[in-house]
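Each chain, letter by letter, is given below.
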Amino acid sequence: SVIGLILAVVVLVIGAYKGLGALPLTLLASLVVILSSKIPIWTGFSQYYMNGYTSAYFSYFLLFCSSALYAKLMDISGCATSIGYQFIDWFGKKRVLLVSTLIISVLTYGGVSLFVVVYAVAPIMFLLFKEANLPRHLTMACLITGSATYTMTSLPGTTALTNVIPTQYLGTTLTAAPVFGILATIAMFTMAILYMGYAERLARKRGEVWSYPENADPLLYEIKDRSQLPSVTISFTPLVSLVLIIIIGSRFVANSTMLAVLGMLVGALLTYVLNIARFKDKNMKKVFDKEYCV
């Protein structure tokens, strides 16, 4: 059984690198576990696999929904893009990797889903990387560092599912072990920035330069008219309110999932109210449709 579990992880890793979809990949890995544990195939899939696969969606469905709504409102209103440009003003265009990483970190820590962050930040990153003449593949270093390291695991108060789930089993809060979390965050951030600096120097040494994705229209990635975006204060308000609800609420509310959902809903409401004029020409019915909440 133990060997089967290890082999299943190997299958997941190799399959992911080969680009295999999540559903067929989990089915294949589960088959390895079922066979190695001598579990009847039908029982293994119909009971153990299905219960495990659906329980996450069942337990955190409201979190997924509120997160999708909040993230999309931040995207439609232009708040996510406005926050990105503000970081450019603060740190300058020369520190391309640092600026891109910080933008993504703030948005993902503030509850904006990675899918929305990619679309909101891509035009900004592409502009910065084009001006710095750095290869496009380095954008992935910023994307992964800002979304799948400290903002997902160690930064106190993050609404990431990987931070919410342990609270249900360990009886902790979303802000548990803040000192250790901050120290881990500093360590991860430092190592990532040092590595990205090395990767940038290596890319320049190899003569790698900027290029747009194949068949992409460069006009789609041109910088937007910033005068049409919300102010910095308005853009940061929903994000700050969400973080404050998590930090303060953790002292009084034991159910971290409920607290995260509340923070997302408040953030979504503030985003709409503060940008209500920008939503007047939008078909709000679509906000609740799958076209928007994905």
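Provided above is the structure to which this section pertains.
Residues numbered from 1 in each chain as written. Predicted model: local features only at pLDDT ≥ 70, side-chain atom pairs only at ≥ 80, totals over all residues. Heavy atoms only, no water.

**Quick look at the overall build of the chain**
Across its full length, the chain carries 13 helices and zero strands. In the chain, the order of α-helices and β-strands from amino to carboxyl end is α-α-α-α-α-α-α-α-α-α-α-α-α. For 294 residues, the compact-globule estimate of 2.2 N^0.38 gives 19 Å, and the C-alpha radius of gyration of the chain, at 21 Å, lies within 12% of that figure. Seen through its C-alpha atoms, the chain measures out along the principal axes to roughly 60 × 50 × 40 Å. Here the analysis covers contacts within the chain between residues at least 6 apart in sequence; of these, 73% occur between residues at least 24 apart. Accessible area of the chain: about 16600 Å², with a carbon and sulfur share of 69%. Charge-centre separation for the chain: the mean point of 21 positive side chains lies 8 Å from the mean point of 12 negative side chains. (Helix = DSSP H or I, 4+ residues; strand = E, 2+ residues; numbered from the N terminus. Rg over C-alpha atoms; globule rule 2.2 N^0.38 Å. Contact = heavy atoms within 4.5 Å. Areas by Shrake-Rupley, 256 points an atom, 1.4 Å probe, with all protein chains shown as cover. Lys, Arg positive; Asp, Glu negative; His and termini not counted. Charge placed at Lys NZ, Arg CZ, Asp CG, Glu CD.)

**Thoughts on helix α7 (residues 139-148)**
Here α7 lies mainly inside the structure; seven of its 10 residues are buried. Residues T139, A141, C142, L143, T145, G146 and S147 constitute the buried set of α7. (Buried < 20%, exposed > 50% of the residue type's maximum accessible area, 1.4 Å probe, protein only.)

**Points about the environment of L244**
Tracing the chain through its elements places L244 in helix α11 (residues 232-249). Sequence separation of L244 and L98 is 146 residues, and the distance between their C-alpha atoms is 25 Å.

**With respect to the pattern of salt bridges**
Taken as a whole, this structure holds one salt bridge when the rule is applied. Of the charged contacts in the structure, one is a salt bridge between R204 and E200, with a shortest N-O distance of 3.5 Å. Of this pair, R204 and E200 are both found in helix α10 (residues 178-205), four residues apart, which corresponds to roughly one turn of the helix. Overall, R204 belongs to the partly exposed group, its relative accessible area being 42%. Given the relative accessible area of 22%, E200 is considered partly exposed. (Salt bridge = Lys/Arg side-chain N within 4 Å of Asp/Glu carboxyl O.)

**Side note on the packing of α11 against helix α12 (residues 256-274)**
Two elements in contact, α11 and α12, have axes separated by 9 Å at closest approach and are oriented at 160 degrees. Looking at the two axes, α11 sits roughly antiparallel to α12. Pair α11 / α12 crosses with right-handed handedness. Along the contact surface, α11 presents I234, T237, P238, S241, L242, I245, I246 and G249, while α12 presents L259, A260, L262, G263, M264, V266, G267, L270, T271 and L274. Its residues assigned to classes, the contact of α11 with α12 comprises 12 nonpolar, six polar and no charged. (Axes fitted to C-alpha atoms, helices over the stretch in contact; angles between N-to-C directions. Parallel < 35°, antiparallel > 145°, perpendicular 65-115°, else oblique. Left-handed = near helix turned anticlockwise from the far one by under 90°. Nonpolar A, V, L, I, M, F, W, Y, C, P; charged D, E, K, R; others polar.)

**A look at the environment of T101**
Tracing the backbone through its elements, the reader meets T101 in helix α5 (residues 96-109). A relative accessible area of 0% means that T101 is categorised as buried. Considered as a pair, T101 and M140 are 39 residues apart in the sequence and their alpha carbons are 9.8 Å apart. Ignoring any residue separated from it by four or fewer positions in sequence, one finds T101 in contact with C142, T145, G146, Y150, F189 and M196.

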